[in-house]
Amino acid sequence: MNYEFLQIEIKNKVALVTINRPPVNPLNSQVFQELANSMTLLEANKDIHVIILTGSGEKAFVAGADLHEMIDLNVAGMLEMNKASRSAFSLIEQLSKPVIAAINGVALGGGLELALCCDLRICSEKARFAFPEIGLGIIPGGGGTQRIQKIVGQGVAKELLYFGEMIGAERALALHLVNKVVPAEELLQAAKDWAEKLAAKPTIAMRTLKSVVNTGANVDLESGLSMEAAGFAVTFQTDDRKEGMNAFVEKRKPVYKGT
């Protein structure tokens, strides 16, 4: 997979995808297309169990959308770009494999929206977060208004969206916007450690778990419980379930085969 703005490294069943548009990795139409294409290919690759998303350099994970592309767009052009961003972000969110955002610097606007599509978020202590769109006379268009409130609650979401002000890594952790904060020099290794732990889990159970949790967030409790029961039945029929239970009883490490 060769891309102009993405770098992809595959090792130990983990794909590290780096957005590379220095110095601050802004998102444009081509980045959205490359993200969608690469994620489709990584999803289809059975040898890859987990994906890490990060940005190049030390300044930014992604410092929002590329205003140089946006500024001269008419409404039709802007809607087309928005369609591309929404498609790429939804694809990432709906992958059957866990996706970890390794947030190395600022995550602004579309960059924060991209991070919110990931299952888990680890950030550098230098990371900063904001939805600055209100200061530009617009609102987030890549799902930010909807995903943020499901994570931090509506009141805090409105604060972040209405004021558009930057918050630091520690407040992001307190709000559960990120799962973990680490020193900058330890970020990628921390993300890889998590990814390799997840990559060793039984794949059918993992993708079923992700599907049930993600889908259950948007339905009523009874519907969610029914989906959980159906997912439990699917995983109970697998060879990996037998291996996991036998390994537990025999006090050994399980060897999962994804069947």
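Remember, it's a predicted structure, so these values are computed and weren't measured experimentally. (Residues numbered from 1 in each chain as written. Predicted model: local features only at pLDDT ≥ 70, side-chain atom pairs only at ≥ 80, totals over all residues. Heavy atoms only, no water.)

A. Seen up close, the packing of aromatic side chains. Here the structure, examined in full by the defined rule, presents 2 aromatic pairs. Their ring planes at 85° and their centres at 5.8 Å tell us that Phe 32 and Phe 89 sit as a pair that is edge-to-face. Note that Phe 32 is positioned in helix H1 (residues 29–44) and Phe 89 in helix H3 (residues 75–94), a separation of 57 residues in sequence. Phe 89 shares its class with Phe 32; the two are buried. A centroid spacing of 5.8 Å and a plane angle of 35° characterise the contact between Phe 232 and Phe 236, whose relative ring orientation is tilted. (Phe/Tyr/Trp six-rings, centres within 6.5 Å; stacked < 30°, edge-to-face > 60°. Helix = DSSP H or I, 4+ residues; strand = E, 2+ residues; numbered from the N terminus. Buried < 20%, exposed > 50% of the residue type's maximum accessible area, 1.4 Å probe, protein only.)

B. Fine view of the pattern of salt bridges. Inspection of the entire model under this criterion finds 7 salt bridges. Note that Glu 93 and Arg 147 form a salt bridge whose closest N and O atoms lie 2.9 Å from each other. Here Glu 93, found in helix H3, pairs with Arg 147, found in helix H5 (residues 144–152); they are 54 residues apart in sequence, far enough to count as distant. Residue Glu 93 is classed as partly exposed on the basis of its relative accessible area, which comes to 25%. Through salt bridges that share partners, Glu 243, Glu 250 and Arg 252 make up one connected network. (Salt bridge = Lys/Arg side-chain N within 4 Å of Asp/Glu carboxyl O.)

C. Region of interest: the side chain of Glu 113. Mapped onto the secondary structure, Glu 113 falls in helix H4 (residues 110–116). Buried and unpaired, Glu 113 has no salt bridge, with Arg 147 as the nearest side chain of opposite charge at 6.6 Å. A polar atom in the side chain of Glu 113 sits 2.7 Å from the backbone nitrogen of Gly 142. Other than its neighbours up to four places away in sequence, Glu 113 contacts Phe 89, Phe 131, Pro 140, Gly 141, Gly 142, Gly 143 and Gly 144. (Lys, Arg positive; Asp, Glu negative; His and termini not counted. Polar contact = N/O pair within 3.5 Å; in protein donor to acceptor, adjacent residues only side chain to side chain. Contact = heavy atoms within 4.5 Å.)

D. Spatial organisation of the packing of helix H9 (residues 203–216) against helix H10 (residues 221–236). Where H9 contacts H10, the axes come no closer than 10 Å and their chain directions differ by 175°. The angle between H9 and H10 places the two elements in the roughly antiparallel class. Contacts between H9 and H10 involve Ile 204, Ala 205, Thr 208, Val 212, Thr 215 and Gly 216 on the former and, on the latter, Met 227, Glu 228, Gly 231, Val 234 and Thr 235. Of the residues in the contact of H9 with H10, the class split is 5 nonpolar, 5 polar and 1 charged. (Axes fitted to C-alpha atoms, helices over the stretch in contact; angles between N-to-C directions. Parallel < 35°, antiparallel > 145°, perpendicular 65-115°, else oblique. Nonpolar A, V, L, I, M, F, W, Y, C, P; charged D, E, K, R; others polar.)

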